[in-house]
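Descriptive analysis of the structure
As a plain string of letters, each chain reads:
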Amino acid sequence: MEIISFVQQPKKKRTITFPVRHKSYNSVSFAYTYPSEKHIFKAGKVHNDLTVKGCIAALGQGVSNFGSLIARNIKAIVISVFAIIGIAGLAIAAFFVTDYTLSHTKIITLNTQDTFDIDSLDTLMKNFALELTSDVDENGQITDSTGAAISSSLLSQPVEYQTYKVKSGDTISGIAKKFGLTNISTLISVNDIGNVRQLGAGQKLKIPSIDGIIYTVKSGDSLQKIAADNNIKLENLLDVNELTTETLTVGQQLFLPGVGLDQKTLQSRMGELFILPIKASFRWSSPYGWRADPFTGVQSFHTGTDMACPEGTPIYAAMSGKIADVGYNRTYGNYIIINHGNGYQTLYAHMSKSIATKGQYVTQGTKIGLVGSTGYSTGPHLHFMVYKNGNRIDPMTVLKK
């Protein structure tokens, strides 16, 4: 840089303007202006050679400046860090709490009043069941029948049929007993009854002379195979069906004497396979039976199965029936009980709102209420219970898979 010195005149004043734009230069210039003259200095870039020492010095200066910045603002930085951590913690906690609420229902230790609520409900269910106690076991066998084997004389004779017109008040088991049959599978199969609950007065039924079911021949079947699979003597199969040849055709129907429907088919035909009462997306949050409290680890018996889903989710009747009770108690909150006949009842608890009314008849899939968290509940869910003959059973044994 060119060095210029000035000799100050004692009586003259010096003024400084900073900066001043001059037409003769393309950048900002610095001007020292005196009463009698003007000197202009143009600012230019300083070019230094790149050296290791220069780099280290520059790095040191940067670190020093950063340290000074931290030191000057340490209080604000600490407060900001703690604020960010706090907000992040609350967000994470809110996520897991919400997820837990939707996925789980915490078991709450029941006190004396709550136990009374459950006992009262059990008593109510038994009272409902007194009118419609089932007289048929899980295999379709009529419980007060002798269950004797089919007479050998009948097995050597062709099966015969007669017609019966259903009367008001009839039951499938009552009709079977009236004609000396011991298993309701016979009437269900012979008449291809999809759901015995839909039988009505005036409907005509075919009544076979002996117990048995109808079998439709499939491709690859033979009389020997059918007889062996169903534990029937080949000659009896021939005699009962009046067969003169062992040749079968696909779609041909045979009467299998003494054979009953399998349990799953029988449950379906009896209308005992319940649909899920929640059609929307949900989570199985707690099963039926003994379970450990997720917080305390204490074992407690869970009387139904829980389906966790958002509040307001529609609840549907798992099976057709009559609304036996609509109420509220401190344990189950808003609840509905449906009497399905044949000894079955279902309970829907913790609802935010009941839609069905007492005495109303509902079909399977009818909307009856909305999911909530009333009563003893730690999150929105449906507590679903199934009773048979007044006793609680595992809902999963009757729900369609």
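On a predicted model such as this, the values are computed, not experimentally measured, just so you know.

1. Digging into the overall build of the chain
- Summing up its helical and strand segments, the chain has nine helices and 20 strands in all.
- Classification of the 401 residues of the chain by burial places 37% in the buried group.
- Long-range contacts, defined as pairs at least 24 residues apart, comprise 66% of the intrachain contacts of the chain with a sequence gap of at least 6.
- Surface summary for the chain: the accessible area is close to 23600 Å², and the carbon and sulfur share equals 57%.

2. Concerning the pattern of salt bridges
- If you walk through the whole model with that rule in mind, you get two salt bridges.
- A salt bridge links Asp-192 to Arg-269; its shortest N-O distance comes to 3.9 Å. Of this pair, Asp-192 sits in the loop between helix 6 (185–190) and strand 5 (204–208) while Arg-269 is found in helix 9 (residues 263–269), placing the two residues 77 residues apart along the sequence.
- Judged by relative accessible area, Asp-192 falls into the exposed class, the value being 59%.
- Put simply, Asp-229 and Lys-225 hold a salt bridge, and the shortest N to O gap is 3.0 Å. With Asp-229 and Lys-225 both in helix 7 (residues 223–229) and four residues apart, this pair spans about one turn of that helix.
- Among the residues examined, Asp-229 registers a relative accessible area of 53% and is labelled exposed.

3. Considering unusual backbone geometry
- The phi dihedral of Asp-192 falls on the positive side, at around 50°, and the residue is not glycine.
- One non-glycine residue, His-350, adopts positive backbone phi at about 70°.
- Secondary-structure assignment places His-350 in strand 15 (residues 344–351).

4. Section: the confidence of the model for the chain
- Per-residue pLDDT for the chain averages 76, and the proportion of residues at 70 or more is 65%.
- In this model residues 16–41 is a low-confidence stretch, pLDDT under 50, and it forms 41 contacts with partners more than four residues away in sequence or in other chains.
- Counting contacts from residues 95–115, a segment whose pLDDT is below 50, to residues more than four positions away or on other chains yields 46 contacts.

5. A short note on the packing of aromatic side chains
- Applying the stated rule across the entire model yields four aromatic pairs.
- Ring centres 5.6 Å apart and planes at 75° place the aromatic pair Tyr-164 and Phe-179 in the edge-to-face group. Here Tyr-164 is found in strand 4 (residues 161–165), whereas its partner Phe-179 is found in the loop between helix 5 (172–178) and helix 6, with 15 residues between them in sequence.
- On the basis of an interplanar angle of 55° and a centroid distance of 5.6 Å, the ring pair of Phe-274 and Tyr-344 is categorised as tilted. With a gap of 70 residues between them, Phe-274 in the loop between helix 9 and strand 8 (283–286) and Tyr-344 in strand 15 connect regions that are remote in the sequence.
- Over the ring of Tyr-161 we find Lys-206; its NZ or CZ atom is 4.5 Å from the centre of that ring.
- The ring of Tyr-316 has Lys-279 sitting right over it, with the charged end atom 4.2 Å from the ring centre.

Procedures and definitions
Residues numbered from 1 in each chain as written. Predicted model: local features only at pLDDT ≥ 70, side-chain atom pairs only at ≥ 80, totals over all residues. Heavy atoms only, no water. Helix = DSSP H or I, 4+ residues; strand = E, 2+ residues; numbered from the N terminus. Buried < 20%, exposed > 50% of the residue type's maximum accessible area, 1.4 Å probe, protein only. Contact = heavy atoms within 4.5 Å. Areas by Shrake-Rupley, 256 points an atom, 1.4 Å probe, with all protein chains shown as cover. Salt bridge = Lys/Arg side-chain N within 4 Å of Asp/Glu carboxyl O. pLDDT = per-residue confidence, 0-100. Phe/Tyr/Trp six-rings, centres within 6.5 Å; stacked < 30°, edge-to-face > 60°. Lys NZ or Arg CZ within 6 Å of the ring centre and 35° of its normal.

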